[in-house]
Amino acid sequence: MPLAVVTASHSPLMHTVEPRGDARNAVGSAFAQARSFAADFRPDLVVVVAPDHYNGMFYDLMPPFCVGTAAEAVGDYGTGQGRLAVDRHAAQHVVREVLAAGIDLAMSERMVVDHGFAQPLELLFGAIDAVPVVPVFVNSVAVPLGPVRRTRLLGEELGRALLALDRRVLLLGSGGLSHDPPLPTLQDASPEVAARLIAGRHPTPEERAAREGRVRDAGLAVAASKAGPRLNPDWDRAFLDLLAERRLTATDAWTNEWITDEAGNSAHEVRTWLAAYAALSVVGPYAVRSSFYRPIPEWIAGFGITMAETWRNP
Ligand SMILES: O=C(O)CCc1cccc(O)c1O
Ligand SMILES: [Fe+2]
């Protein structure tokens, strides 16, 4: 059965910060194209591979990977709040098969997710609960992170597990590319911030607003000054080329330090793209049908959108 992939950067600043030039329109057209690609593919299951930003996953128990057999979105930055339409049976199947293949994977009966999952679901399908999903969390923010290769292998086993389901599955990778929004790190955190990173569930509305305000201000400051934050279009384009040329194993040589130095702390979110493409690669040779890229400093994102499928989809 066929698999297909859509990957997209996310940025909650899309809703609140106006980028220069025609960036908003260009991203809008690329998402429109992704929507029609997804509609043409007619998925009966969407596997969302996404990171979290200390809204659902915390250092009290931080898994490298986690599949939700049930999941709820917190509704940060005005994204949808509430239950995702998790296909429980498919999620359980994925957990069983990926574990059996030797990739350690956590499972959650109450996974909590944020804009990383919600934004692409809303942009592609209109709502967080519009399509049956299997949510796959890939830690891309809370250091230390494992080697990139483990994420590629996770993706391959995910692909094998999905093939066995015998359904039309769209993999949706969320995040990246180069970017470095102002997120705190445990190492440099004050005791108060550290407590929030360790167990910061259920912030008050004031706490959430303060936090989102800090990130929004960073975007607004870029828009006002016309200065760019740390984006690396060359790195981003090289990654897009690597995907298009099916050279996924080349990322095995990447060190986490190199990724951070080249492309910023949040560039590790490209792991979600890598997992989605690795899943697709186990079906056979794939083709990237469309690829959009634009560095958008006001949204703090090297913004990319890709669509890919195997050569012959029945
Ligand atoms: O406040 C947060 O949680 C970070 C928000 C955020 C901003 C720009 C690009 C991203 O990928 C992102 O996640
Ligand atoms: Fe993010």
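An account of the accompanying structure is given in this report. All values derive from a computational prediction rather than experimental measurement. Numbering of residues begins from 1 in every chain and follows the order in which that chain's sequence is written. As a convention, the first chain written is A and the first ligand written is 1, with the rest following in written order. pLDDT decides what is reported in this predicted model: residues at 70 or higher carry local features, side-chain atom pairs at 80 or more are listed and counted, and totals for whole chains, interfaces and linings draw on all residues regardless. In computing side-chain properties, one takes all heavy atoms of the structure into account and sets aside hydrogens as well as water.

**Some thoughts on the pattern of salt bridges**
Counted as salt bridges are all cases of a side-chain nitrogen of Lys or Arg within 4 Å of a carboxyl oxygen of Asp or Glu. All chains considered together, the criterion is met by 14 salt bridges. Residue R294 pairs with D22 through a salt bridge whose shortest N-O separation is 2.8 Å. Placement of R294 in strand β10 (residues 286-296) and of D22 in the loop between β1 (3-8) and α1 (23-41) is noted, with a sequence separation of 272 residues between them. Among the charged side chains, a salt-bridge network with shared partners connects R149, R152, E156 and D252. For helices the rule is a DSSP run of H or I covering at least 4 residues; for strands it is a run of E covering at least 2, with both sets numbered from the N terminus onward.

**Focus on the coordination of the iron ion (ligand 2)**
The donor set covers N, O and S atoms within 2.8 Å of the metal, switching to 3.2 Å for Na, K and Ca, and it leaves out water, so a site may look short of donors. Within the first shell, the iron ion (ligand 2) binds the protein through H10 (NE2), H53 (NE2) and E269 (OE), at distances of 2.1 to 2.2 Å. Mapped onto the polypeptide sequence, the residues donating to the iron ion (ligand 2) form the spacing pattern H-x42-H-x215-E. Highlighted residues: H10 in the loop between β1 and α1 and H53 in the loop between β2 (45-50) and β3 (65-68), separated in sequence by 43 residues. Exposure is judged per residue with a 1.4 Å probe applied to protein chains only, and the accessible area is read against the type maximum: over 50% gives exposed, under 20% gives buried, and values in between give partly exposed. A residue is classified by how much of its surface remains accessible, and H10, at 4% relative accessible area, is buried.

**A look at unusual backbone geometry**
Going from V143 to P144, the amide bond is cis rather than trans, its omega being 0°. Counting through the fold element by element, P144 comes out in the loop between β8 (133-138) and α4 (148-165). Of note, Y77 is a non-glycine position whose phi angle comes to about 55°, a positive value. Assignment of secondary structure puts Y77 in the loop between β4 (71-74) and β5 (81-83). Of note in this structure, H202 is not a glycine but carries a positive phi near 55°. Given a relative accessible area of 76%, H202 falls into the exposed group.

**Some thoughts on the site of ligand 1**
We define proximity as follows: a residue is near a molecule or strand when any one of its heavy atoms falls within 4 Å of that partner. Around ligand 1, 14 residues are found, and the nearest of them are H10, H53, Y77, H115 and H179. Contacts to ligand 1 include H10, whose side-chain N or O atom sits 3.0 Å from an oxygen atom. Between ligand 1 and H53, the relevant distance is 2.8 Å, taken from an oxygen atom to a side-chain nitrogen or oxygen of the residue. What sets the accessible areas is the Shrake-Rupley method with a 1.4 Å probe; for residues, cover comes only from the shown protein chains. Isolated, ligand 1 exposes 350 Å² of accessible area, and the fraction of that covered by the protein chains is 100%. When its residues are assigned to classes, the shell around ligand 1 shows seven nonpolar, five polar and two charged. We call two N or O atoms a polar contact when they sit within 3.5 Å, provided that within protein one can donate a hydrogen and the other can accept it, with sequence-adjacent residues counted only if both atoms are side-chain atoms. Three classes are used, and their members are as follows: Ala, Val, Leu, Ile, Met, Phe, Trp, Tyr, Cys and Pro are nonpolar, Asp, Glu, Lys and Arg are charged, and the others, Gly among them, are polar.

**Describing helix α3 (residues 115-125)**
Since the α-helix packs 3.6 residues into each turn, any two residues three or four apart lie on the same face. Taken across its eleven residues, α3 has nine buried, putting it largely inside the fold. Along α3, the residues classified as buried are H115, G116, F117, A118, Q119, P120, L121, L124 and F125. Throughout, a contact is declared for two residues whenever any of their heavy atoms are within 4.5 Å. The elements touched by buried residues of α3 are β1, α1, β2, β7 (111-113), β8 and β9 (169-174). Where α3 begins, the side chain of D114 points an oxygen toward the backbone nitrogen of G116, at a separation of 2.9 Å.

**Considering the nonpolar core**
Residues V47 and F303 are the most contacted members of the largest nonpolar core, which totals 96 residues. As used here, the term nonpolar core means buried Ala, Val, Leu, Ile, Met, Phe, Trp, Tyr and Cys residues forming a set that is joined through side-chain atoms within 4.5 Å. Ranked by size, the runner-up nonpolar core spans six residues in total, among them F58, Y59, V141 and A142.

**Observations concerning the sheet that holds β4**
The rule for pairing is simple: two strands pair if DSSP sees at least two bridges between them. Reading across the sheet, the three strands line up as β5-β4-β7 and stay open at both edges, with mixed pairing between neighbours. Lying at the two open borders of the sheet, with one neighbouring strand each, are β5 and β7. Geometrically, the sheet is characterised by an average inter-axis angle of 15° between neighbouring strands, direction not taken into account. Pairing geometry for β4 and β7, over three bridges, is parallel. Residue E72 lies in a different strand from β7, and its bridge partner there is V112. Helix axes are fitted to C-alpha atoms over the stretch in contact, other axes to C-alpha atoms as well, and angles between N-to-C directions run from 0 to 180 degrees.

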